[in-house]
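Structural features, examined
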Amino acid sequence: MRTGLVFGLALAAASPTGAAWAEVKLSGAFVADATCPATQAIKSGKNPGNISTDAGQSYELLAGNKDAPTHYLIRVPGADPERRWVKVDCGHVSGASTMPTARAPADREKSAAPASGKPEYVLALSWQPAFCETKPGKTECKAQTAAGFDATHFTLHGLWPQPNGNFYCQVAVADKANDNPAHWQDLPPVELEPNTRSELDQVMPGTASDLDRHEWIKHGTCYGKSQQEYFSDALNLTRAVNASPVRDLFTQKIGRDLTSDQIRAAFDSAFGPGAGDRVRVSCLDDHSSGRRLIGELTLGLTGPIGQNSSLSELLLASVPTNNAGCPKGTVDPIEFQ
């Protein structure tokens, strides 16, 4: 989503890393929640073409590497080869079911049960210092300062109508073709009221790279409201998280590790018991320092979103996510480490 790039997926060949890893065929979709380092082979780290997933993008789900998978095999169109493995905590599966194979054990169905439901929306919030560690050349990342909003607050990545794949509603062919980071400036500008524009430029630093144009073209056009309403709703939801104990937890832990359990507990405290079960944590690998960084939180929401919507009600009305995502990562300080 953010970068328009596809982030690495770990591809394990037909005989991945040993006899214990046999391909378990699956059907359905894999939805990437974050940018994830990846390889052609699970063990070797090989990645021809430096392929990567696009956060928010849906991919055909082909298999798991074992009954309780650590990696999913997906198809990445345009990659060579297209069949790629991705870590399970990079995203979530939608409508997954197993396919019969010669080695189907009795517990196969238990390990790959169909999804029980889906949220109506996903709110994606970034921890901008971590994002910038992996994208130091971005305009907004060059402008980071210790006194900036993005040093101590969650920033808005996007508000994504579900189900995943609900993209580009009534969008002109030319605009869809320009929806990659190199051409976001060629997308139609987003027209907002002055106060909304000012807040969006602060809360979504990526507007410096025309992220707002991309988010509107790909997701906002499927929201069913105007540009003003779409971004106002997204800002209201982001504001609620930044005014909560969740943001306090992150600022207290800057430079230290946080677990997904701690983050989910903070959501429970802020928005009601069970709210944290609707939150998934995504991490990034900072290869220059060897650190695992918390990069993004994705929140599953269900219900009508408007000016006076309660984030607590939207979270609790949604379905719990099957896993918390990244189990532990560092809350990155501002500026490059």
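This text follows the structure it describes.
All of the points below concern the structure found in this document.

What counts and how
Residues numbered from 1 in each chain as written. Predicted model: local features only at pLDDT ≥ 70, side-chain atom pairs only at ≥ 80, totals over all residues. Heavy atoms only, no water. Core = buried A, V, L, I, M, F, W, Y, C linked by side-chain atoms within 4.5 Å. Buried < 20%, exposed > 50% of the residue type's maximum accessible area, 1.4 Å probe, protein only. Phe/Tyr/Trp six-rings, centres within 6.5 Å; stacked < 30°, edge-to-face > 60°. Helix = DSSP H or I, 4+ residues; strand = E, 2+ residues; numbered from the N terminus. Lys NZ or Arg CZ within 6 Å of the ring centre and 35° of its normal. Pairing = 2+ DSSP bridges.

1. Describing the nonpolar core
- With 53 residues, the main nonpolar core has Phe250, Phe267, Leu299 and Leu301 as its most contacted residues.
- Core analysis: the next-biggest nonpolar cluster, separate from the first, contains 14 residues, Cys36, Ile51, Val86 and Cys90 among them.

2. Digging into the packing of aromatic side chains
- Under the counting rule described, the total for this entry stands at 9 aromatic pairs.
- The interplanar angle of 45 degrees and the centroid separation of 5.3 Å between the aromatic rings of Trp127 and Phe250 together place this pair among those described as tilted. Here Phe250 lies in helix 8 (residues 245–252) and Trp127 lies in the loop between strand 6 (121–126) and helix 2 (128–134), a separation of 123 residues in the sequence.
- A relative accessible area of 1% places Trp127 in the buried class.
- For Phe250, a relative accessible area of 0% translates into the label buried.
- Their ring planes at 70 degrees and their centres at 4.9 Å tell us that Tyr230 and Phe231 sit as a pair that is edge-to-face. Neither residue differs from the other here; Tyr230 and Phe231 are each classed as buried.
- One aromatic cluster is present, formed by Tyr121, Trp216, Tyr223, Tyr230 and Phe231 through successive ring pairs.
- Over the ring of Phe167 we find Lys218; its NZ or CZ atom is 4.6 Å from the centre of that ring.

3. Structural notes on the pairing of strand 3 (residues 71–75)
- With respect to burial, strand 3 is a largely interior element, 4 of its 5 residues being buried.
- Across 4 bridges, the pairing between strand 2 (residues 58–64) and strand 3 is antiparallel. Opposite Glu60, over in strand 3, you have Arg75 as the bridge partner.
- The turn linking strand 2 back onto strand 3 is made up of 6 residues.
- Relative to strand 4 (residues 83–87), strand 3 runs antiparallel, the two being bridged by 5 bridges. Within strand 4, the residue paired with His71 across the bridge is Lys87.

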